Amino acid sequence: MIVNADSAQIYRDLRVLSAAPTGEELRQTEHRLYGVQDGALPCSAADWAAIARGEIADVHASGRMPILVGGTGLYLRTLLDGIAPVPAIDPDVRSRVRETLIDENRAKLSKLDPEAAARLNPGDTARTSRALEVILSTGRTLKEWQQERRGGIANDVDLRPIILLPPRKWLYARCDERFAHMIEQGAVTEVEALLARKLNPNLPVMRAIGVAELSAYLLGSTTLDEAVAAGQRATRRYAKRQYTWFAHQPPADWPRFQEPLDIDRLAEALALLQPHR
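Below is a short write-up of the structure. In this text the structure is predicted, and so the values were computed from the model without any measurement. (Residues numbered from 1 in each chain as written. Predicted model: local features only at pLDDT ≥ 70, side-chain atom pairs only at ≥ 80, totals over all residues. Heavy atoms only, no water.)

## A short note on the overall build of the protein
- Counting secondary structure elements, the protein contains 13 helices and five strands.
- Relative to the 2.2 N^0.38 estimate, which gives 19 Å for 277 residues, the radius of gyration of the protein is 21 Å and therefore close to what a compact globule would have.
- The principal-axis extent of the C-alpha atoms belonging to the protein is close to 55 × 55 × 35 Å.
- Residues classed as buried in the protein amount to 38% of the 277 residues present.
- Look at the contacts in the protein between residues 6 or more apart in sequence, and 73% of them connect residues 24 or more apart.
- For the protein, the accessible area works out to roughly 16,000 Å², and carbon and sulfur atoms hold 53% of it.
- In the protein, the 36 positive side-chain charges and the 36 negative ones have mean positions that sit 4 Å from each other. (Helix = DSSP H or I, 4+ residues; strand = E, 2+ residues; numbered from the N terminus. Rg over C-alpha atoms; globule rule 2.2 N^0.38 Å. Buried < 20%, exposed > 50% of the residue type's maximum accessible area, 1.4 Å probe, protein only. Contact = heavy atoms within 4.5 Å. Areas by Shrake-Rupley, 256 points an atom, 1.4 Å probe, with all protein chains shown as cover. Lys, Arg positive; Asp, Glu negative; His and termini not counted. Charge placed at Lys NZ, Arg CZ, Asp CG, Glu CD.)

## Considerations on the sheet that holds strand 3 (residues 67–69)
- Pairing is parallel across the open sheet formed by three strands, whose spatial order is 2-1-3. Here the strands that pair on one side only, and so sit at the sheet edges, are strand 2 (31–32) and strand 3.
- Here strand 1 (residues 2–4) pairs with strand 3 via three bridges, running parallel. Counterpart to Asn 4 in the pairing with strand 3 is Val 69. (Pairing = 2+ DSSP bridges.)

## Some details on the nonpolar core
- Ranked by size, the top nonpolar core spans 46 residues in total, and within it Leu 14, Leu 17, Trp 48 and Val 205 carry the most contacts.
- It is helix 2 (residues 45–61) that provides the largest number of residues to this core, a total of six residues.
- The contact partners of Trp 48, leaving out residues within four places of it in the chain, are Asn 4, Ala 5, Ile 10, Leu 33, Cys 43, Leu 68, Tyr 75, Leu 76 and Leu 79.
- Val 86, Ile 89, Val 97 and Leu 142 belong to the second largest nonpolar core, which has 15 residues in total. (Core = buried A, V, L, I, M, F, W, Y, C linked by side-chain atoms within 4.5 Å.)

## With respect to a nonpolar patch on the surface
- Residues Met 65, Ile 67 and Val 69 make up a contiguous nonpolar surface patch of about 290 Å² in total accessible area.
- Relative to the helices and strands, Val 69 is located in strand 3. (Patch = residues over 30% accessible without salt bridge, like charges linked within 9 Å, V, L, I, M, F, W, Y side chains within 5 Å. Salt bridge = Lys/Arg side-chain N within 4 Å of Asp/Glu carboxyl O.)

## Description of helix 3 (residues 73–81)
- Every buried residue belonging to helix 3 is among Gly 73, Tyr 75, Leu 76, Thr 78, Leu 79 and Leu 80, and all of these are buried.
- Buried positions along helix 3 lie against helix 2, strand 3 and helix 12 (224–248).
- Remark: Gly 82 follows helix 3 within two positions and exhibits a positive phi of approximately 90°.

## Quick word on unusual backbone geometry
- A positive phi is found at Ala 19, a non-glycine position, where the angle reads about 55°.
- When you line up the elements, Ala 19 lands in the loop between strand 1 and helix 1 (23–28).
- Among the residues examined, Ala 19 registers a relative accessible area of 32% and is labelled partly exposed.
- For Lys 198, which is not a glycine, the phi torsion comes out positive at approximately 55°.
- Summarising the element assignment, Lys 198 is placed in the loop between helix 10 (187–197) and helix 11 (211–218).

## Remarks on the side chain of Glu 190
- Tracing the sequence through the fold places Glu 190 in helix 10.
- Buried charged residue Glu 190 carries no salt bridge. Nearest counter-charge: Arg 15, at 7.0 Å.
- A polar contact is formed between the side chain of Glu 190 and the backbone nitrogen of Val 16, at a distance of 2.8 Å.
- When sequence neighbours within four positions are dropped, the list of residues in contact with Glu 190 reads Asp 13, Leu 14, Arg 15, Val 16 and Leu 17. (Polar contact = N/O pair within 3.5 Å; in protein donor to acceptor, adjacent residues only side chain to side chain.)

## Brief notes about the environment of Arg 178
- In this structure, Arg 178 sits in helix 9 (residues 168–184).
- Using a relative accessible area of 41% as the deciding quantity, one classes Arg 178 as partly exposed.
- Taking the C-alpha atoms as reference, Arg 178 lies 37 Å from Gln 146; in sequence the two are 32 residues apart.
- Excluding anything up to four places from it in sequence, Arg 178 contacts Leu 17, Ser 18 and Ala 19.

## As for the packing of aromatic side chains
- Enumeration according to the criterion identifies two aromatic pairs in this entry.
- Seen from their ring centres, Trp 48 and Tyr 75 are 4.9 Å apart, and the 15° between their planes marks the pair as stacked. With Trp 48 in helix 2 and Tyr 75 in helix 3, this pair connects stretches of sequence that are 27 residues apart. The burial state of Trp 48 is the same as that of Tyr 75; both residues are buried.
- For the ring pair Trp 245 and Phe 246, a centre distance of 4.9 Å and an interplane angle of 70° mean the geometry is edge-to-face. (Phe/Tyr/Trp six-rings, centres within 6.5 Å; stacked < 30°, edge-to-face > 60°.)

In structure tokens, the structure reads:
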């Protein structure tokens, strides 16, 4: 039983651009949490973890093994380690913070939470706003809240992890091939349908790789070839960040498979799957 742990594949609006399972793959084995969320409704890591916990429990109850597949590290970390129990932010506080210029927010954060201000990039508006609204609304820093994680399942399951880190040259070539294949499979039509919905551009579904690039083509500001090249670059850049995260963030004793992900090497990869606590 395969359970999706990819933040793009959860949206039904992105079946092509997220490389969701094909009809043939769906016939071979049951897949869960693919294409279950409407793009107009954002799905946070906490939202996904709550849904995934239920799906995993259901699969276990049926006597089967859930296999989590996907590269959204924050989703997996939230599921395994839990999430900080930060209370709901006072709407008035959030409104004031979000309407204030970044320089003013940083100055206030430097006084209230100097550690966060020093750690955050000066241009990171979203994280600066989040850190400031948390301490203004709750009286505690975000770091203090994050030290109290709840809801993780890592200690309740027999976890057998494997991290796939194929050679970068091989990976980047696959990224380029995949984006070109998406164009052949109807990615342009998929983005056209998204634009027709006139969704908030800040929604995760509208910020998925390929949406902005193909939107530029559909709106007449670039050619299709230029849009494809831009989409391929964005994919490679994301893969680079993702590669770095999975190389360093998970526990050091989680096995890393660093060979090309070819079918004839499947047995080598599966041999690394050992119980982990």
